[in-house]
Amino acid sequence: MKKPRLKFQTPTGMRDILPEEEAYYERVYSIADQYADFYGFKKIETPILEDYELFVKSTGPTTDIVEKQMYLLKTKGGEYLALRPEFTPSLARSYFENGMVAWPHPVKLYTRGPLFRYERPQAGRYRQFHQINFETFGSKKPIAEVEIIWLFVKILEKLGIKNIVVEINSIGDSQCRPYYKKVLTRYLKRNETALCATCRKRLKRNPLRVLDCKEVRCQKIVKQGPQIVDYLCEECHDHFEKVLEYLEALGIPYILNPYLVRGLDYYTKTVFEIIPQKDQETRQSALVGGGRYDGLLKLIGKQDIPACGGAGGVERIIDFLKEENISVKRKESTPEIFIAQLGDEAKIESLKLIEEFQKAKIPVTFQLSRDSLTNQLKIANRKKVKYVIIIGKEEVLKKAPILRNMETGDQKSVPRNRLIKEVKNALKKEKRTRLK
Ligand code: HAM
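Residues numbered from 1 in each chain as written. Predicted model: local features only at pLDDT ≥ 70, side-chain atom pairs only at ≥ 80, totals over all residues. Heavy atoms only, no water.

Chemist: I keep staring at the domain arrangement of the chain and nothing clicks. Help me out?
Modeler: Many analyses report the size of an interface as the accessible area lost when the parts associate. Domain parsing of the chain yields domain 1 (19-176 + 232-323) and domain 2 (337-430). In this structure, domain 1 and domain 2 have C-alpha centres spaced 51 Å apart. (Domains from an automatic or database assignment.)

Chemist: Help me understand the pattern of salt bridges, please; the structure alone is not making it clear to me.
Modeler: Between side chains of opposite charge, a pair can form when the charged atoms approach closely. All told, the structure shown has 26 salt bridges when counted by the stated rule. Among the ionic pairs, Arg 205 bridges to Glu 67, the shortest N-O distance being 2.1 Å. Pair noted here: Arg 205 is in helix H7 (residues 197-205) and Glu 67 is in helix H3 (residues 64-69), with a separation of 138 residues, a long-range link. The exposure class of Glu 67 is partly exposed, given its relative accessible area of 37%. One salt bridge connects Arg 292 with Glu 145, and the closest N-O pair in it is separated by 2.6 Å. With Arg 292 in strand S10 (residues 288-292) and Glu 145 in helix H5 (residues 142-158), this pair connects stretches of sequence that are 147 residues apart. Grouping residues by exposure puts Arg 292 and Glu 145 together as buried. Taken together, the salt bridges that share partners define one network made up of Glu 145, Glu 235, Lys 269, Arg 292 and Asp 294. (Salt bridge = Lys/Arg side-chain N within 4 Å of Asp/Glu carboxyl O. Helix = DSSP H or I, 4+ residues; strand = E, 2+ residues; numbered from the N terminus. Buried < 20%, exposed > 50% of the residue type's maximum accessible area, 1.4 Å probe, protein only.)

Chemist: Even after reading the chapter, I still don't get the environment of Arg 292, so can you show me in this structure?
Modeler: Among the residues examined, Arg 292 registers a relative accessible area of 0% and is labelled buried. Engagement of the side chain of Arg 292 in a polar contact is seen with the side chain of Glu 145, the distance being 2.6 Å. (Polar contact = N/O pair within 3.5 Å; in protein donor to acceptor, adjacent residues only side chain to side chain.)

Chemist: Is there a simple way to explain the site of the ligand in this structure?
Modeler: Close to the ligand lie 26 residues, the nearest being Glu 86, Thr 88, Glu 119, Tyr 267 and Ala 286. One nitrogen or oxygen atom from the side chain of Thr 88 is found 2.9 Å from a nitrogen atom belonging to the ligand. Burial of the ligand by the protein chains amounts to 96% of its free accessible area of 650 Å². For the shell around the ligand, the secondary-structure elements that each account for two or more residues are strand S6 (128-137), S10 and strand S11 (307-313). (Near = heavy atom within 4 Å. Areas by Shrake-Rupley, 256 points an atom, 1.4 Å probe, with all protein chains shown as cover.)

Chemist: Quick question: what am I supposed to make of the nonpolar core here?
Modeler: Looking at soluble globular proteins, one finds that nonpolar side chains tend to be buried together. Core analysis: the biggest nonpolar cluster contains 48 residues, and Tyr 95, Phe 137, Leu 188, Leu 195 and Leu 297 have the highest contact counts within it. Among the elements of the structure, helix H2 (52-58), H3, helix H4 (88-97), strand S5 (107-116), helix H6 (177-190), H7, helix H8 (216-223) and helix H10 (296-301) are those that each provide at least two residues to this core. Residues in contact with Tyr 95, not counting those within four places in the same chain, are Met 100, Val 101, His 105, Val 107, Phe 137, Leu 297 and Ile 305. Counting residues in each nonpolar core, the second largest holds 43 residues, with Tyr 24, Tyr 25, Ile 31 and Leu 156 among its members. (Core = buried A, V, L, I, M, F, W, Y, C linked by side-chain atoms within 4.5 Å. Contact = heavy atoms within 4.5 Å.)

Chemist: I'm lost on the sheet that holds strand S2 (residues 49-51) in this one. Help?
Modeler: Strand-to-strand pairing in sheets goes through backbone hydrogen bonds, with the strands running parallel or antiparallel. If you trace the 3 strands from one edge of the open sheet to the other, you get S2-S4-S3, paired in antiparallel fashion. If you trace the sheet from one side to the other, it starts and ends with S2 and strand S3 (71-74), each paired once. With strand direction ignored, the average angle separating the axes of adjacent strands in the sheet is 35 degrees. (Pairing = 2+ DSSP bridges. Axes fitted to C-alpha atoms, helices over the stretch in contact; angles between N-to-C directions.)

Chemist: Looking at this model, I keep getting lost on a nonpolar patch on the surface. Mind explaining?
Modeler: Taken together, the side chains of Ile 48, Leu 49 and Leu 73 make up a nonpolar region of the molecular surface, amounting to roughly 200 Å² of accessible area. When you line up the elements, Leu 73 lands in strand S3. (Patch = residues over 30% accessible without salt bridge, like charges linked within 9 Å, V, L, I, M, F, W, Y side chains within 5 Å.)

Chemist: How should the sheet that holds strand S9 (residues 270-276) be read in this particular structure?
Modeler: Reading across from one edge, S1-S5-S6-S11-S10-S9-S7-S8 is the order of the 8 strands in this open sheet, with mixed pairing throughout. Every interior strand has two partners, whereas the edge strands, strand S1 (42-43) and strand S8 (254-256), have only one. The pairing of S6 with S11 spans 7 bridges and is classified as antiparallel. Across the sheet, Phe 134 pairs through a bridge with Gly 310, a residue of S11.

Chemist: I tried to follow helix H12 (residues 344-359) on my own but got confused; where do I start?
Modeler: For H12, which comprises 16 residues, the first-to-last C-alpha distance of 23 Å matches the rise-based estimate of 22 Å (1.5 Å per residue) to within 8%. What H12 keeps buried is the set Ala 346, Lys 347, Glu 349, Ser 350, Leu 353, Ile 354 and Phe 357. An end-on view of H12 places all buried positions within 160 degrees of arc, on one side of the element. Exposed side chains of H12 directed beyond 90 degrees from the buried face belong to Asp 344, Ile 348, Leu 351, Gln 358 and Lys 359. Close packing links the buried residues of H12 with strand S12 (337-341), strand S13 (364-366), strand S14 (387-391), helix H14 (393-398) and helix H15 (419-435). Positive backbone phi, approximately 60 degrees, marks Lys 361, located one or two places after H12. (Expected span 1.5 Å × (residues − 1). Arc of directions from axis to C-beta.)

Chemist: Help me understand H5, please; the structure alone is not making it clear to me.
Modeler: Every α-helical turn comprises 3.6 residues, leaving residues that sit three or four positions apart pointing alike. Across its 17 residues, H5 extends 24 Å between first and last C-alpha, which sits within 8% of the 24 Å expected from 1.5 Å per residue. The buried fraction of H5 amounts to 12 of the 17 residues, a majority that puts the element mostly inside the structure. Just downstream of H5, Gly 160 is the residue with a positive phi angle, here 100 degrees.

Chemist: Where do I start with the environment of Asp 16 in this structure?
Modeler: Looking at the secondary structure, you find Asp 16 in the segment before helix H1 (19-38). A sequence separation of 285 residues divides Asp 16 from Gly 301, and the C-alpha atoms of the two residues are 37 Å apart.

Chemist: Hey, could you run me through the packing of aromatic side chains in this one?
Modeler: Any pair of aromatic rings gets described here by the distance separating the centres and the angle formed by the planes. One pass over the full model with this rule turns up 15 aromatic pairs. Plain terms: the ring middles of Tyr 179 and Tyr 231 are 6.1 Å apart, the flat faces sit at 50 degrees to each other, and that makes the pair tilted. Pair noted here: Tyr 179 is in helix H6 and Tyr 231 is in the loop between H8 and helix H9 (234-250), with a separation of 52 residues, a long-range link. Residue Tyr 231 is classed as partly exposed on the basis of its relative accessible area of 27%. Ring pairs connect the aromatic residues Phe 41, Tyr 110, Phe 134 and Phe 152, which therefore count as one cluster. The cationic tip of Arg 127 hangs over the ring face of Tyr 118; the distance from NZ or CZ to the ring centre is 3.8 Å. Here Lys 322 stacks its cationic end above the ring of Tyr 24, 5.1 Å away from the centre of that ring. (Phe/Tyr/Trp six-rings, centres within 6.5 Å; stacked < 30°, edge-to-face > 60°. Lys NZ or Arg CZ within 6 Å of the ring centre and 35° of its normal.)

Chemist: How should I be thinking about the pairing of S9 in this particular structure?
Modeler: Taken residue by residue, a regular strand's side chains alternate between the two faces of the sheet. Burial analysis of S9 places 7 of its 7 residues in the buried class, which makes it a mostly covered element. Burial along S9 is two-sided: the face carrying Thr 270, Phe 272, Ile 274 and Pro 276 and the face carrying Val 271, Glu 273 and Ile 275 are both buried. Here 7 bridges tie strand S7 (residues 164-170) to S9, and the two strands are oriented antiparallel to one another. When the sheet's bridge partners are listed, Asn 169 is paired in S9 with Val 271.

Right under this line is the structure:
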């Protein structure tokens, strides 16, 4: 059905998350929370707004995110703030600002929540989206990024997602990358006329980005060009070899993709993406992206601290769960008790009673806005509850609600202080008869 055009609607590229969809978010978050806790990643939260220069400096001035996609605002006090487009710079800022430098290392952090990028909205690409994000500060060991990849693979597996592949590459560091950049630029310049318009611009500002251009004409040229793996210095080469060795030993399926560079400026050495096997050709829908970024923390806090991390796109993961018909429905406990009330005193008494039932972990259902007892009993019938507790003015005064068995129609007054116990016993008895 076509939705009526309303005066107020969600901004382009942003969506309401309705109750049915919330079940998916809850599932992804609860599994990520469990894994973060188990693997020792401490959960933190940072503000949605940050000094916009933090992203210019960290995400990188030539990235699409900084050039085109940041939501910027000027406050009444004249500060320039940005809605965070990613978590990594915020966590690096928080690491220094909160003295985590003095914590035992590595410092492993986990965060999740909404991010904002002014992108052209399309399937799997939103202007407000969510990530689950893990970072490790203070380890230059290859096992640190393998731990992050492993964690994401395990989270996806736990969600029921199996047909995925890890694409991986090394993009070197400040020792070896500048020379490769020179060689690549020389090669691309010779083929400049055959590149798409965007790549012709990239060639001047960020030639590495030409490598992961989706245009067929550019891919053709790139495929015949020099590959960074052949230009890695000894340290980067050994590091990458170790990463691949670990992945093999852990049985994580991976594919070496020499053209994977990722769209953020801070990466050094390992970069990776996790994508559904069926999307390997198009590579439009990475579920997870990350890598090592040994130079970033120095830019923010002036201290040389190696780091690595990764982020999973919650909407991408949810879309994939839906495509694969993977259910996230929790078995909801269906209430067997309905609380029916009549009059103001009874409504107040009902609220107190509901709280007691919650403490006793007995699910109940009710309709406090209804006044007619007949109506409430009809609802109780429809919900097929076993018992109804009826509270009117008199029951409040006598401190003895009525407990009615909906199957037999039998009912009796139960002293208020014995009610929970009585209900518990009745439900137990009911269960025993059902099992016989
Ligand atoms: P990213 O590749 O920009 O990396 O984003 C990570 C994931 O977020 C993507 O693989 C995708 O699933 C999801 N994502 C990104 N943009 C959108 C969008 N517009 N709509 C829906 N989902 C989206 C980062 O953000 C890095 N900070 C990851 C990282 C952490 N690297 C090191 N540590």
